[in-house]
Amino acid sequence: GAWSANKSVTFNVSLAPHIDGNFTASPNPVSKGQTLTLTADNVVDDDGTVASVSFYRDVDGDGLVTSVDKLLGTDSTSADGFNLSIISSSTNLITGLNKLIAVAKDNKGVTSLPKLTTVTIDAPPTLSGFTASTNPSASAPITLSAKGSTDINSMAFYLDTGDGVFNSTTDTLLGYGTYDSVAKS
């Protein structure tokens, strides 16, 4: 048979962005309820610009972003690097070891390979008892006593403003004290 004329096809390949630096979670470990900062360092795109970095909890532990993984947030401002600060009591994080994934996306919608790290969320210490001295008077000091788990490093006593919710900026700090620890079972 006869040959047809040669035809050429031209197409552009967009290179994926990549996270060349570290992916960190700080502090690590972090106490439940405290601020956790995720940072992806040195995120680059060789043929465009990095549009964002998204941070996930790797629920299924496979090291890839899948439909079961929980999006923690996305940073689309690279002025200070790619960071995400969240409260560690977020429903998307669990007490214990959390596997995390960072994925960069460029201006053409191409995503990077995942970068992995871990963070441990510590449970807050627990109080097992709290008492105040009986029959206090204006001329005698009030004795406050609390018992808690063995992982308590310090204890502070506050006077509630009356709403029944602890708030260190509105409740009145009465002082710091010692504590009696109770063995964990």
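What this report covers is the structure whose coordinates are included nearby. (Residues numbered from 1 in each chain as written. Predicted model: local features only at pLDDT ≥ 70, side-chain atom pairs only at ≥ 80, totals over all residues. Heavy atoms only, no water.)

On to the overall build of the chain. Each helix and strand in the chain was counted, giving 0 helices and 15 strands. Its C-alpha atoms give the chain a radius of gyration of 26 Å, clearly above 16 Å, the size a compact globule of 185 residues would have. When the backbone C-alpha atoms are referred to their principal axes, the chain occupies close to 110 × 35 × 25 Å. Here the chain holds 185 residues, and 26% of them are scored as buried. Accessible surface, the chain as shown: approximately 11,900 Å² in total, 53% of it carbon and sulfur. Charge separation in the chain, taken as the distance between the mean sites of 10 positive and 18 negative side-chain charges, equals 7 Å. (Helix = DSSP H or I, 4+ residues; strand = E, 2+ residues; numbered from the N terminus. Rg over C-alpha atoms; globule rule 2.2 N^0.38 Å. Buried < 20%, exposed > 50% of the residue type's maximum accessible area, 1.4 Å probe, protein only. Areas by Shrake-Rupley, 256 points an atom, 1.4 Å probe, with all protein chains shown as cover. Lys, Arg positive; Asp, Glu negative; His and termini not counted. Charge placed at Lys NZ, Arg CZ, Asp CG, Glu CD.)

Structurally, D58 is set in the loop between β6 (50–57) and β7 (70–75). No salt bridge is formed by the buried D58; its nearest oppositely charged neighbour, K99, is found at 6.2 Å. A polar side-chain atom of D58 sits 2.7 Å from the main-chain amide nitrogen of G63. (Salt bridge = Lys/Arg side-chain N within 4 Å of Asp/Glu carboxyl O. Polar contact = N/O pair within 3.5 Å; in protein donor to acceptor, adjacent residues only side chain to side chain.)

Okay, the packing of aromatic side chains next. Counted by the stated rule, this structure contains 2 aromatic pairs. On the numbers, 5.7 Å between centres and 35 degrees between planes, the contact of F23 with F55 is tilted. With F23 in strand β2 (residues 23–26) and F55 in strand β6, the pair connects residues that are 32 residues apart, well separated along the chain. Comparing F23 with F55 shows no difference in burial state: the two are buried. Taken together, a centroid distance of 4.9 Å and an interplanar angle of 70 degrees make the contact between Y158 and F166 edge-to-face. Overall, Y158 belongs to the partly exposed group, its relative accessible area being 30%. F166 gets classed as exposed once you look at its relative accessible area, which sits at 54%. (Phe/Tyr/Trp six-rings, centres within 6.5 Å; stacked < 30°, edge-to-face > 60°.)

This part takes up the sheet that holds β6. One open sheet holds the 5 strands; their spatial order is β3-β10-β9-β6-β7, and the pairing between them is mixed. The open sheet has two free edges, formed respectively by β3 (30–31) and β7, since each of these has just one partner strand. Direction of pairing for β6 relative to β7: antiparallel, over a ladder of 5 bridges. Across the sheet, V53 pairs through a bridge with D75, a residue of β7. (Pairing = 2+ DSSP bridges.)

To continue, consider the sheet that holds strand β4 (residues 35–40). With antiparallel pairing, 3 strands are arranged side by side in an open sheet as β2-β4-β8. Each having just a single partner strand, β2 and β8 (82–87) make up the two edges of the open sheet. Averaged over all pairs of adjacent strands, the angle between strand axes in this sheet comes to 15 degrees, irrespective of strand direction. Both β4 and β8 contribute to a ladder of 6 bridges, which runs antiparallel. Bridged to A40 within β8 is F82. (Axes fitted to C-alpha atoms, helices over the stretch in contact; angles between N-to-C directions.)

All right, on to the layout of surface pockets then. Counted as a void, the largest pocket has a volume near 510 Å³. Looking at the largest pocket, it is lined by 16 residues, and the ones nearest its centre are L127, M155, A156, Y158 and F166. Within the residue set of the lining of the largest pocket, elements represented by two or more residues are β11 (127–132) and β13 (155–159). It is β13 that contributes the most residues to the lining of the largest pocket, 5 residues altogether. In terms of residue class, the lining of the largest pocket is made up of 13 nonpolar, 1 polar and 2 charged. (1 Å grid on protein atoms, 1.4 Å probe; cavity = no way out; pocket = protein on both sides within 12 Å on 5 of 7 lines; lining within 4 Å. Points joined across faces, edges and corners; volume = space filled by probe spheres on them. Nonpolar A, V, L, I, M, F, W, Y, C, P; charged D, E, K, R; others polar.)

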